[in-house]
Every structure is written in C-alpha cells, then in structure tokens.
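Report on the structure
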Amino acid sequence: MNESEEKKKGKPKGERGSFSGKLGYVLAVAGSAVGLGNIWRFPYLAAKYGGGMFLLVYLLLILTFGYALIMAETTLGRMTGKSPVGAFTAFGRTPAFYIGGWINSIVPMIIVPYYCVIGGWVIKYFVEYIKGSTQAVADDSYFTNFTGQAGSVELWFIVFTAMVTIAILAGVKHGVELASKVMMPVLVVLAIFVAVYSMTRPGALEGVKYFFIPNFKNFSVMTVVAAMGQMFFSLSIAMGILYTYGSYTGKDVDLEKSAKQIEIFDTGIAVLAGLMIIPAVFAFSGGAMETLQAGPSLMFITIPKVFAAMGTGRIIGILFFMLVMFAALTSAISIMEAGVATFVDQTGKSRIFCTMLMLLITLVLGSLSAFGFNILGSITIFGMSFLDFFDFLSNSVLMPIAALATCILILRAVGLGRLAAEVEISSEFKRKKLFNFVIKYIAPAFLIVILISSVLSVLGIIKM
Ligand code: PFF
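Residues numbered from 1 in each chain as written. Predicted model: local features only at pLDDT ≥ 70, side-chain atom pairs only at ≥ 80, totals over all residues. Heavy atoms only, no water.

1. Focus: helix 13 (residues 255-285)
The following threshold applies: Per the convention used, a helix needs a DSSP run of H or I reaching at least four residues, while a strand needs a run of E reaching at least two, with both numbered from the N terminus. Expected helix span is given by 1.5 Å per residue-to-residue step, counting one fewer step than there are residues. Note on exposure labels: buried denotes an accessible area under 20% of the residue type's maximum, exposed denotes more than 50%, and partly exposed covers the range between, all computed with a 1.4 Å probe on protein chains only. What qualifies as a polar contact is a pair of N or O atoms within 3.5 Å, subject to a donor-acceptor requirement within protein and to the restriction that residues adjacent in sequence count only when both atoms come from side chains.
The end-to-end C-alpha distance of helix 13, which contains 31 residues, comes to 44 Å, matching closely the 45 Å that a straight helix rising 1.5 Å per residue would cover. Of all the 31 residues making up helix 13, 22 are buried; the element is thus mostly covered by neighbouring parts of the structure. Regarding helix 13, its N-cap is Asp254, as a side-chain oxygen of that residue lies 3.2 Å from the backbone nitrogen of Glu256 further along. Gly286, located one to two residues past helix 13, shows a positive phi value of around 60°.

Written out as structure tokens, the structure reads:
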C-alpha cells in the first residue's frame, strides 16, 4: 500500500501497529475492555457498595458517560492518528493540552503494574488447580497465606509481566487479536455455566436478589464514586487506550456501532461474573457482611469454594483460571501498549526501547503493590495499601481528570461539529444529541463533583 492509500484508510505508518479491519478492531477493543475489571473488580465493588443499587448506578453511567467517552476517545484517536499526547497537542501546543494528554497517558502507567500483580494471582491459582489443590485453595486462609509470602507474590507477578512484555514485542496484531478471537467465546460459555451452578446452590437466591434489586438504604456517595471508577476501568476509558486504538482504526469502521457492541459485551460479562461470585458469597459464606466487604480478595476466596463443591471442580478450575488469565493478558497488553505508544510517539525511540521503559516502570511500581501484602504491609498511604492506593489514584482521581480533559479538548479546541463530522465519515451519528449533551453539560459537572468528593473523603474531610 503506498502512502496516500494508507492515509485514505486512516492507518498510520511506521513503527505503530494497525488492525486488520472491522472485526479485528472490535475484538481487540473487546479484548482490552474485558478483563480483570469485569471478573475480579466489578463483583467485589458490587458486593461492597450496595449490590443492586451499585448495578443500577453503573448501568446508568454506562449508557450516558460510558457511551460518550468511548465515542469521544476513539474518534479523536482516529482523527489525529495519534495516542493521547499527540492527539491533544494536534489541536494546539499549549501547556494545558500537554497536561491533558499526559494525564491520559500516565493512567496506564499506574494501572499496568498492579494489574500485573493481580494477573500473577490468577496464574498462581491456575497452577494450583493443575496441581490438583482444589480443596486447599478453597480454604478460608489460603489467599492470605499466599499473599503473605513476598517471594511467591513477586514471582507470579514477574511471570505475568513477562508474558505481557513478550506479547507486546511480538506486535499488535498477533498479540492482541489472536488471543481475543479464540478465548472470548469460550470464556463466555464457561462463565454462564459457572454462574448457573453458583445461582442454583442452596441459599444463593438471596445473593441474586442482593445483586439485582436496588435497595436505597444501600446508596451512598461512594456507590457513585466506585461505579464511576469502575466504568472507566472496565471500558478502558479515560486512560488513553481508546485514543491509541482509534489511531489504529480505518475510516471504514462504524465507531458508534462498535461502541455499542463493546458496551453490551463488557457489561454482559461483568454481570455474569457478578452472578458467579455474589450468590456464592450467600451460599457458601452465609452472605456474611465481612465477606461481602472483602474487596480485592473476593474472587479468590469465593470462586474456589464454588469449584470445591463441584464434582469436576479441578477441571473447571483449570479452565476458568486459564480463561481469566487470557482475558487479563489481552487487557494488560492493551494497557501496556498504550504506554509504549505514548513513549514511541513522544521520544521517537524504538518500540523495543520504549517497551523496556514500560517494563521498568511496571516492575518497580508492581513490586510495591506485591510487597504491600507482606514485607511492606505496615506502610499505608492515606490508610490504603499500595495496591489500593494505586487503584484509587488512577480510578478515582486521575481518570476523572483525564475524562474532563477530553471534554475540554472537544469543547474548546476540536468542536462538537468537527467531531461529529469524523464519526459521520463512516456512519450516521445516531445518538449525536445525547453525545453533545453529555460532553457539554453532564460530564464536566459530574466529573468535578466526583473528583472533589473522592479527594475530600480520602483526606478525611468528609465521610462517605
Ligand atoms: N478494561 C480492562 C478490564 O476491565 O480488565 C482493564 C483495562 C484495560 C484497564 C486497559 C485499563 C486499560 F487501559
């Protein structure tokens, strides 16, 4: 393909990758979106922050904000052919635009490390199921014992990180697309099976009710803060990823339709994961408040109990953790890829060099998170462990700022009209009115409120 043809297809040249057509794009974005956020993070937040109330707030946010931000980011990425810093500064080289771009780009650099720590936990459980420890891992103290051992947590973190790095070096197409195409459908089938098993255990119905029926008593500001952070995390928005993916996309891809497909798929998997885990908390731990509040460890405590109760638990355990591992890998690859793309664009250095730079950041910050469960366990930041702190900093502070920056970029520099024109190159822009309304009014106001309340609550100034 010569250069003008490349331009027409909207594919950037040089060291940056590109997707092989429409399906490749949707699958790769779905591969990025569906990951630990859906299977590990969503259920523990829903359990902790109000069950059905959390679900309701989450769905409302997805349909308004989530939709608008996916559209905004992918469109800006495709329009400029750049990852965030390049996309922002394409509209003006002012300090404000640099900051806006960099905030989007820094988020992945904070998420990748702790994401890889959790990825390591998943591999550890996968290996334990292969070894046949089905009953041992279902024990209440198993998880705490494991994370209490610094060497073990660090080892599995490094294994996961190495896998991600190798996939990145092997290139965008092969690394991301292939894994998504094969693994996603199998994951869906298995998740349905496990969810049905879990929901049909005695006592599990209470959990289904807790998860689906909103109870206003369970509403708090934290429900909204957590649901908002989760929406960013799960849809891979407000962290530069979709700019980067948009920049790999051809002008023939219907951006609105893809956004819809990704939202439905991503939310479907999250709800399924909720149905695997929350009813099981009621069936196997009597719906104990402390288990519902378990946080990051919830999946690792609850799911093994479900498998231990099955006759075929070992096989299911192997399969489940293998698929979750792949979902986590495709996501981790896309987060790291975003960091690498930023470095390539900004420094002009080789892909290998930039990948090594990301690797270094990952190893340093990830080790802090890994050691936060053991040798650094006595250190807390604003009362949080390292992992919780990095999670809070990225999801509740930096992502709202990044999303706000995107809104400001559109309103001040790009213009809603030009953005719509880019969308309309490939398709009709059906929800343009909703999009404009959210970007113009709802998003900025809401983001500022969320940001201020989460910071004030961490500083202990307000209680949520
Ligand atoms: N959205 C992914 C998930 O739900 O697991 C995680 C993720 C992917 C987060 C890409 C951040 C990211 F940049």
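2. Looking at the site of the ligand
Filter applied, for reference: Whether a residue is near a molecule or strand is decided by its heavy atoms; if any one of them lies within 4 Å of it, the residue is near. Reported accessibility uses the Shrake-Rupley method at a 1.4 Å probe radius. Residues are deemed covered only where the shown protein chains occlude them. Note on residue classes: Ala, Val, Leu, Ile, Met, Phe, Trp, Tyr, Cys and Pro are nonpolar, Asp, Glu, Lys and Arg are charged, and everything else, Gly too, is polar.
The environment of the ligand is formed by 15 residues, the closest being Gly37, Tyr115, Phe233, Met239 and Ile241. One of the backbone nitrogen or oxygen atoms of Ser234 is found 3.0 Å away from a nitrogen atom of the ligand. Measuring from a nitrogen atom of the ligand, one finds a side-chain N or O atom of Ser236 at 3.0 Å. Calculation on the ligand without its partners gives an accessible area of 330 Å², and the protein chains cover 100% of this total. Looking at the shell around the ligand, the elements that each hand over two or more residues are helix 2 (21-33), helix 3 (36-48), helix 11 (221-235) and helix 16 (313-347). When grouped by side-chain class, the residues that make up the shell around the ligand number seven nonpolar, eight polar and no charged.

3. As for a nonpolar patch on the surface
As a reminder, the rule being used: Only residues above 30% relative accessible area that lack a salt bridge enter a patch, with like-charged residues linked at up to 9 Å and the nonpolar side chains Val, Leu, Ile, Met, Phe, Trp and Tyr linked at up to 5 Å. Here, a salt bridge means any Lys or Arg side-chain nitrogen found within 4 Å of an Asp or Glu carboxyl oxygen.
Together, Phe382, Val455, Leu459 and Ile461 make up an exposed nonpolar region whose accessible area comes to about 380 Å². By the secondary structure assignment, Val455 is in helix 20 (residues 432-458). Given a relative accessible area of 32%, Val455 falls into the partly exposed group.

4. Some points on the packing of aromatic side chains
Just so we agree on the cut-off: Only Phe, Tyr and Trp rings are paired, with Trp represented by its six-membered ring, and only when their centres lie within 6.5 Å; those with planes under 30 degrees apart are stacked, over 60 edge-to-face, the remainder tilted.
What the rule picks out here adds up to 28 aromatic pairs. Residues Phe65 and Phe446 carry aromatic rings whose centres are separated by 5.2 Å and whose planes lie at 65° to one another, so their mutual orientation is edge-to-face. With a gap of 381 residues between them, Phe65 in helix 4 (residues 52-80) and Phe446 in helix 20 connect regions that are remote in the sequence. Residues Tyr125 and Phe321 carry aromatic rings whose centres are separated by 5.5 Å and whose planes lie at 35° to one another, so their mutual orientation is tilted. You can see Tyr125 sitting in helix 6 (residues 95-131) and its partner Phe321 sitting in helix 16, a full 196 residues away along the chain. Here Tyr125 and Phe321 have matching classes, each one buried. Linked through ring pairs, Trp121, Tyr125, Tyr129, Tyr142, Phe143, Phe146, Phe300, Phe307, Phe320, Phe321 and Phe373 together constitute an aromatic cluster.

5. Examining the environment of Gly339
Defined as follows: The contact criterion used is simple: two residues touch if any of their non-hydrogen atoms lie within 4.5 Å.
Position of Gly339 among the secondary structure elements: in helix 16. Those residues in contact with Gly339 that lie beyond four places of it in its chain are Met109 and Met358.

6. Quick look at the side chain of Ser369
With respect to the helices, strands and loops of the structure, Ser369 is situated in helix 17 (residues 351-371). Accessibility expressed as a relative area gives 0% for Ser369, which makes it buried. Apart from the residues lying within four places of it in its own chain, the contact partners of Ser369 are Tyr114, Val117, Phe386, Leu387 and Phe390.

7. What to know about helix 11
The periodicity of an α-helix, 3.6 residues per turn, causes residues three or four positions apart to be oriented the same way. Helix length check: helix 11, at 15 residues, gives a terminal C-alpha distance of 21 Å against a target of 21 Å (1.5 Å per residue), a fit within 8%. By the criterion of burial, helix 11 is predominantly enclosed, with 14 of the 15 residues buried. Within two residues after helix 11, Ser236 carries a phi angle of roughly 55°, on the positive side.

8. Considering the pattern of salt bridges
Per the counting criterion, the structure on display carries nine salt bridges. One salt bridge in this structure joins Glu422 and Arg78, with 2.9 Å as the shortest N-O distance. Taken together, the residues span a long stretch of sequence, with Glu422 in helix 19 (residues 416-423) and Arg78 in helix 4 at a distance of 344 residues. The buried category is assigned to Arg78, whose relative accessible area is 2%. Between Asp140 and Lys305 there is a salt bridge whose closest N-O contact spans 2.7 Å. Taken together, the residues Asp140 in the loop between helix 6 and helix 7 (142-147) and Lys305 in helix 15 (residues 298-309) connect sequence positions 165 residues apart. The exposed category is assigned to Asp140, whose relative accessible area is 56%. The exposure class of Lys305 is buried, given its relative accessible area of 14%.

9. A short note on the nonpolar core
Note the cut-off: Here, the term nonpolar core denotes a set of buried Ala, Val, Leu, Ile, Met, Phe, Trp, Tyr and Cys residues that are joined through side-chain atoms within 4.5 Å.
The biggest cluster of nonpolar side chains holds 166 residues, and the ones touching the most others in it are Phe321 and Phe435. In this structure Phe321 touches Val122, Tyr125, Phe126, Tyr129, Met299, Phe300, Ile303 and Phe307, once residues within four positions along its chain are discounted.

10. Notes on the confidence of the model for the chain
The condition is simple: pLDDT is a per-residue confidence score from the predictor, ranging from 0 to 100.
When pLDDT is averaged along the chain, the result is 89; 92% of the residues meet or exceed 70. This model gives residues 1-14 a pLDDT under 50, and the stretch forms 20 contacts once residues within four places in sequence are excluded.

11. Remarks on the packing of helix 3 against helix 4
Put simply, the test is: Between the N-to-C directions of two axes lies an angle of 0 to 180 degrees, each axis being a line fitted to C-alpha atoms and, for a helix, fitted only over the stretch in contact. An angle counts as roughly parallel when it lies under 35 degrees, as roughly antiparallel when it exceeds 145, as roughly perpendicular when it falls between 65 and 115, and as oblique in every other case.
Interaxial distance between helix 3 and helix 4 falls to 7 Å at its minimum, and their mutual angle equals 125°. It follows from the interaxial angle that helix 3 and helix 4 lie oblique. Listed contacts from helix 4 to Phe42, Leu45 and Ala46 of helix 3 are Phe54, Leu55 and Tyr58.

12. Here we look at the packing of helix 3 against helix 6
Packing of helix 3 against helix 6 leaves a shortest axis separation of 12 Å and a crossing angle of 90°. One finds that helix 3 runs roughly perpendicular with respect to helix 6. Of the residues in helix 6, those in contact with Leu36, Gly37 and Trp40 of helix 3 are Tyr114, Tyr115, Ile118, Gly119 and Val122. A per-class count over the contact of helix 3 with helix 6 returns six nonpolar, two polar and no charged.

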